[in-house]
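A structural walkthrough
For reference, the chains in residue letters:
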Amino acid sequence: MLAQTLHLPSSAATRRGGSSRPRASLPLTALTVAAAAAASPGRAQSQDPSLATTEPQRVEIRGVNKRIDNLQDAPASATVLGKEQIRDARIGSLEQLQAFVPNFRVSDSGGRGSRGSIAIRGFFNTDFSKDPSVGVYIDDVPYVDLSTYSAILFDMTAIEVLRGPQSTLYGANTPAGVINISTALPPARFGGSAEAELGNRGARELKARVGGPVGDSGITWSLAAATDWRDGFITNRLDGRPYNDERTEAARAKLRWTDGDRWDVQAMALQRNIADRGGPYHYLPLDPEAYAAAVPDAPLLREDEVWLNRPGAVGQKERTGALKLVYTAERFSLTSVMSYRTSRTTGDFDFDDTAAPVDAGVLFGLPPGALVAPGLGGAFVADYRQKTQELRLSSPQGDTPGANRWQWIVGLYASEEREISDARLAVEPGLPSPFLDLFYAGRNAAVFGQLSWRSADQRFGVSAGTRYDRAEREARRAANGIAGTKPSSRWLPRLTADWRVNPQFMVYANLARGWKPAGVVPEVPPGLPSAYEVETTDSVELGLKSEWWGRRLSVNAALFDASAKSWQDTVRVSPLVRYLANVERTRSRGVELEVQLRPDAATELSLTYGLVDARYVRYANPDGSNFDGKRVVQTPRQALGMAASWRFAPGWSLRADATRFGGWYFDRENTQAQRGYTMVNAKLAYRQVLSGRELELYLWGQNLTDARYFEKTFPGNVYRGLGFGSPEDPRSFGLGASLGF
């Protein structure tokens, strides 16, 4: 039962065996698989396991110093997934990375197009944040808006997750870490692939890619597309129809020109459309019995039901264009990345969370009972625009990691973003009322750089870097007359040292600082400060990278301690009045472990563990409550994951991963908790190369344990004594086929 996974402080929760605290006896939380990574083309097509090496694959990582390094040589806590692992694990969203990355979490409101939250090591953006804690790059383009989490991912060749501040290497602000995603470049020879999947609940997914050269011009092109349609698992009791159907379509076109020597020019265009039923928020009653008792004429709902008289919908259209130029000379490399993104998001939802009549008079200044309406509906539209320009000048790359004793990188970054949003509350079937009209603009300019040195024997290395970031945040709201512009700036240093005890064992230390700019709060209630101040994060990390048993076994571990001053959080004045403000201090400490073992040519095993103790050190809430010492919300304390891949016969392979997520708290009082749960995913595949074309047939299962849990919980908008939660997808399974040509 979904309701049984949630700990509530109410009597209803007690009857269900709930508790106000996560169980200490739960196994550790989750995270699977340290990278099995990108296989070479020859290995990808080989059907004979004996041809595979018995060493763990030497995954390349681009992000640690903006050039290609081996993961084991990078002095940083990072997880890298290569093309084969992405394919075998069927990764198609940021949310799926939670099963592979220590101390990483994505949470949302159930519906897509609403604000999501991406967290690393307990640091994340809250509902009202304008600056994300985790930077997301796709093909060198920064995605700084908070709806990125719902983007469909396709045609990927690598995913890198770097934990901790990365301010001296990336243009956009990254105080908690970076997710760097690379998609396939246009091929030098004509070719492509097609893939189709069918699953339960009407799931249909199609992916295709084609590309090749344009004569002998040095120009190559590619076009990739994906569609993902699935029926909802929530039913509206009022009409018996699925409530949260999802429809996504996306296409990406690329052009590349290279002279084969110095110049590499790449152009990219992306379009993505979302059209979902159910609106941006999918909320189920936490306690169906309390809901039926409090709401007039409400039925007793099952765990996967809602009772609404407004069906709801959400749509999003996003367009991205980017141009990347790389010039490589003997003594330096110059890179320019320019991007432009726009999106429009529209939403329609049931504001009162019921199909019952509502006393709406108070909303229009009328006496109670003067206006009893069939219901309350909400609607919004948000237009977003982002422009970025990044320039990087770096030292030439050696043939092997560490070939040059001195390496350096300097860069400039500028960005501008703007969002205009309007939300309205309406009494059914009319009487629209302005609810939230906002204008937001953000401008950033930064200069960053890093210098690295290695000793003559290559055993000892030091990197020092800094970043100067200047930001300006502007916001206004016509309804209350609040408007303002707030500039801020910071120097952000970074220092790294590593010692390679031998070629297979390295220890390192990192010191780094990240930040979030100050800004204006147009949603603030009267009489409270209409601005928030700069948040700074100082992080210390100690780690080791090691390989054993003829490099068949790799063991990587890290300890970290990070402290945020003037933490930007959504503070609460009343159940319905919240706004962005500063909390004096939070702290996060923990451990990360990634182990990969390849005992023979046909078997790969991996284990990932994450432990994080993230707490509010000093937190005085405006409503008079105090959360000092409480655990940070939405942050599982522990995580344990295991994965196995076995090629048991020519062409046949079986992959499975099991992930145990521990409990976390939904509220800052630490009274409402989500219990831990276990998720199991699997894929059984058969591959065969026929006349140079690779055919794959497979069966897949996601969340095979049918773990039921809530991502977030919220108080009712009208029935404030009731709680609602956004559930995640239940068990899904199906079959698929792909063909490469």
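I will try to describe carefully the structure that is included in this document. (Residues numbered from 1 in each chain as written. Predicted model: local features only at pLDDT ≥ 70, side-chain atom pairs only at ≥ 80, totals over all residues. Heavy atoms only, no water.)

Looking at the environment of valine 534
- Here valine 534 lies in the loop between β30 (531-532) and β31 (535-548).
- When sequence neighbours within four positions are dropped, the list of residues in contact with valine 534 reads Ser488, Arg490, Trp515, Lys516, Pro517, Ala518, Lys565, Ser566, Gln568 and Asn582. (Helix = DSSP H or I, 4+ residues; strand = E, 2+ residues; numbered from the N terminus. Contact = heavy atoms within 4.5 Å.)

Observations concerning a nonpolar patch on the surface
- Judged by side-chain polarity, Val214, Ile219, Leu255, Trp257 and Trp263 come together as a nonpolar surface patch covering roughly 430 Å² of accessible area.
- Secondary-structure assignment places leucine 255 in strand β15 (residues 246-258). (Patch = residues over 30% accessible without salt bridge, like charges linked within 9 Å, V, L, I, M, F, W, Y side chains within 5 Å. Areas by Shrake-Rupley, 256 points an atom, 1.4 Å probe, with all protein chains shown as cover. Salt bridge = Lys/Arg side-chain N within 4 Å of Asp/Glu carboxyl O.)

Some words on the sheet that holds strand β42 (residues 723-727)
- Taken together, three strands build an open sheet; the order of strands is β17-β42-β41 and the sheet is antiparallel. A strand with exactly one partner marks an edge of an open sheet, and here the two such strands are β17 (284-285) and β41 (710-715).
- Bridging between β41 and β42 involves five bridges; their strand directions are antiparallel. Note on β42: the bridge partner recorded for threonine 713 is glycine 725. (Pairing = 2+ DSSP bridges.)

What to know about the pattern of salt bridges
- Within the structure shown, the criterion is met by 55 salt bridges.
- For aspartate 140, the salt bridge is made with arginine 392, and the minimal N-O distance between the two is 4.0 Å. Separated by 252 residues along the polypeptide, aspartate 140 in the loop between β7 (134-138) and β8 (141-143) and arginine 392 in strand β23 (residues 376-394) bring together distant segments of the chain. Arginine 392 matches aspartate 140 in its accessibility class, with the two residues each being buried.
- Linking aspartate 706 and arginine 708 is a salt bridge whose minimum nitrogen-to-oxygen distance equals 3.2 Å.
- The class of arginine 708 is buried, set by a relative accessible area of 19%.
- Salt bridges sharing common partners tie together Glu84, Arg87, Asp88, Lys683, Arg687, Glu694 and Glu696. (Buried < 20%, exposed > 50% of the residue type's maximum accessible area, 1.4 Å probe, protein only.)

Here's the deal with the sheet that holds β7
- Taking strand neighbours across the sheet as the criterion, the five strands line up as β4-β9-β10-β7-β8 in an open arrangement whose pairing is mixed. A single partner strand is all that each edge strand has here, and the edge strands are β4 (78-82) and β8. If you compare each strand with its neighbour and ignore which way they point, the axes differ by 15° on average.
- Here β4 runs beside strand β9 (residues 156-163); their pairing, made up of five bridges, is antiparallel. Looking at β9, one finds that leucine 81 is bridged to isoleucine 159. (Axes fitted to C-alpha atoms, helices over the stretch in contact; angles between N-to-C directions.)

Here we look at the pairing of strand β34 (residues 603-618)
- When strand β33 (residues 577-600) meets β34, the two strands line up antiparallel, connected through 14 bridges. Bridge pairing links glutamate 592 to glycine 610 in β34.
- Taking the residues between adjacent antiparallel strands as the criterion, β33 and β34 are bridged by two residues.
- Pairing of β34 with strand β35 (residues 638-649) involves nine bridges; the strand directions are antiparallel. Bridged to glutamate 604 within β35 is serine 645.

Quick notes on the packing of aromatic side chains
- Applying the stated rule across the entire model yields 19 aromatic pairs.
- Ring geometry for tryptophan 263 against tyrosine 327: centres 4.9 Å apart, planes inclined by 55°, an arrangement best described as tilted. Here tryptophan 263 is found in strand β16 (residues 263-277), whereas its partner tyrosine 327 is found in strand β19 (residues 313-328), with 64 residues between them in sequence.
- A residue is classified by how much of its surface remains accessible, and tryptophan 263, at 36% relative accessible area, is partly exposed.
- The partly exposed category is assigned to tyrosine 327, whose relative accessible area is 23%.
- Ring centres of tyrosine 291 and phenylalanine 724 lie 6.1 Å apart, and the angle between their planes is 90°; this geometry places the pair in the edge-to-face category. (Phe/Tyr/Trp six-rings, centres within 6.5 Å; stacked < 30°, edge-to-face > 60°.)

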